[in-house]
Structure formats: structure tokens, C-alpha cells
Amino acid sequence: FFFQAEDGIRDSSVTGVQTCALPISTADVRVRHALNMAVDKEAYARYRRTVKPTTSSVPLGMFPGYPSPQGDVFDPARAKALLAEAGYKNAAGEYDPSTFPAAEVEATYNTSESNRATAEFLQAQWKQNLGITVALHNMEFRTFLQMRSRLDYLGLARSGWIGDYMDPYTFLSMYVAEGGENGSGWFDPAFATLLNDANRQHDPLERYRRLADAERLLLEVQPTLPLFNNASNWVKKPFVKGMYANPVTMHPWKFVYIEHDRSKWD
């Protein structure tokens, strides 16, 4: 899910861009981190079964040598503390869910059973762990894309991305320009500079290190709530050879064969 975040926001004290008459709470980076920390992604993965939980934008373990930075872990207590810091507290300075403007926040998604299940899980997690009820809003896909591009949503809007090629850059480059696939409204020239510097490197590992620096900045600012990477469950008989797990579960069938020699079975 994209958070609606201010263009270039890097300081949590800065108020956010508004696309309606009401203030958008997710313009505060502390609120974005809090909503992220209040979601148990391990529980979500157990619920959905064909996904892997993630805290990062670049899928973990996909690119050998890429030093994946870690994002927020599940920590409801820390989430409540951040919301209190953001001003949602009682006279004693403790987090008070009744002060959070939940009516100003929606989780908007394009209509499908899978997306609905994800949105309902988020809604239940925020209710259970933060005591707030975030409304859900679904719409037809083409209308949804136009709405998200214009930032005409309140708080959060669903997003998904499948890499066009096998490189971390495909998962980071969507944030180097406003609009298009970047439905958060966030853009930071420092982030774009880090990506450009990375792509000037001739050493692949140094390039990976600089791409990871860019992802680390992205996770600090938190314009998105990373939930999961798609995964596949599959089985094969021990005598089936030439068939291996791969990121997109596409198998070169011309190299798959039946091994009749039992001594060579897996």
C-alpha cells in the first residue's frame, strides 16, 4: 500500500500535502511508521499461504550480494509511542486512539477478492493493535489507477509491482519521478541521486551497496507499507530432474526429465 506522503518529505515535523479539505494524517512520517509497525506480516503470510512477508521494497534473497536493508518490524508498543509523539495522546501523554482522526483515513484498493482480503486484514490489525477503525474503499481498476495517480485518496492506496527484469533497480526506480507508478506523491532528489550514482558503478557489488543506500532512505521515509512478496508452493517427485525453484516459477521444460537411476534421485 502507498501512503499519501508529502512531496519530498524527510522531516516528520513538516505538515503534508493535502488533496481535500481535511488534513491527511499519513503525511506525518511517524504515522506511516506506526501503521506499518502495527501489522503482523508473519500472520498475514500464514493466512494467505502463497506469500512471503517482507519489510523491504526489494524482495529479500532474490539478488545474491545485495545487502538488503531491513524495514520496520512488528511492534505495536512502538507504534503507539510514535502516534503519541505525533500528537495523538491524552493529557498524560499516553497514546489515545480516540484522538486519531480515523475518519480522515481510508485504505483504497482496486476490486478483487484477494485485494479485499488484504485490506480487511490491515483493517483488523489496526483495530486490534491500535484501537482505530480505518474504512475500506474499493473501486474499478481503471478508475482506481487514475485516482491514485492524482493522489485523490485518503491516507492509503493499494499498489503492487512485479519486476520487469532481474535487478533491484526495477523495484526502486518507480520513485524517481512523481506520478505514474509512484502513487505516493513522495519524491526526493537525494534518492534519485543515489540511484544515479549506483548505476555509474562498474563494480556490481558496489552498485548493489549504493542501491541499498537508496532503499534505506526509502524505508526511513516510508512512503509505502511493504507487506509481502508473491510466492509459490510446489512439490516434485525425487526422480524429476532439471526442475528448480526460481523467482517467477517459470520452468525450462525442455531440460526437465525423469531420472530412472535411483542412485541419482534427490
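Structure's up top.
Residues numbered from 1 in each chain as written. Predicted model: local features only at pLDDT ≥ 70, side-chain atom pairs only at ≥ 80, totals over all residues. Heavy atoms only, no water.

Details of helix α3 (residues 76-85)
Among the residues making up α3, those that are buried are Ala-79, Leu-82, Leu-83 and Ala-84. On its buried face, α3 sits against α1 (29-37) and α4 (113-130). Once α3 finishes, Gly-87 follows within two positions and takes phi at roughly 110°, a positive value. (Buried < 20%, exposed > 50% of the residue type's maximum accessible area, 1.4 Å probe, protein only. Helix = DSSP H or I, 4+ residues; strand = E, 2+ residues; numbered from the N terminus. Contact = heavy atoms within 4.5 Å.)

Here we look at the pattern of salt bridges
For the structure on display, the rule yields 14 salt bridges. The partner of Arg-148 in a salt bridge is Glu-181, with the nearest N and O atoms 3.9 Å apart. Here the residue Arg-148 occupies a position in helix α5 (residues 141-149), and Glu-181 occupies one in the loop between α6 (169-172) and α7 (189-198), the gap between them amounting to 33 residues. Given the relative accessible area of 5%, Arg-148 is considered buried. Notably, a salt bridge pairs Asp-213 with Arg-209, separated by 3.3 Å at the nearest N-O pair. One end of the pair, Asp-213, and the other, Arg-209, are both in helix α8 (residues 204-221), four residues apart, so they sit about a helical turn from each other. Of the residues examined, Asp-213 reaches a relative accessible area of 25% and is grouped as partly exposed. Judged by relative accessible area, Arg-209 falls into the partly exposed class, the value being 39%. Shared partners join several salt bridges into a network, and the residues in it are Glu-206, Arg-209, Arg-210, Asp-213 and Arg-216. (Salt bridge = Lys/Arg side-chain N within 4 Å of Asp/Glu carboxyl O.)

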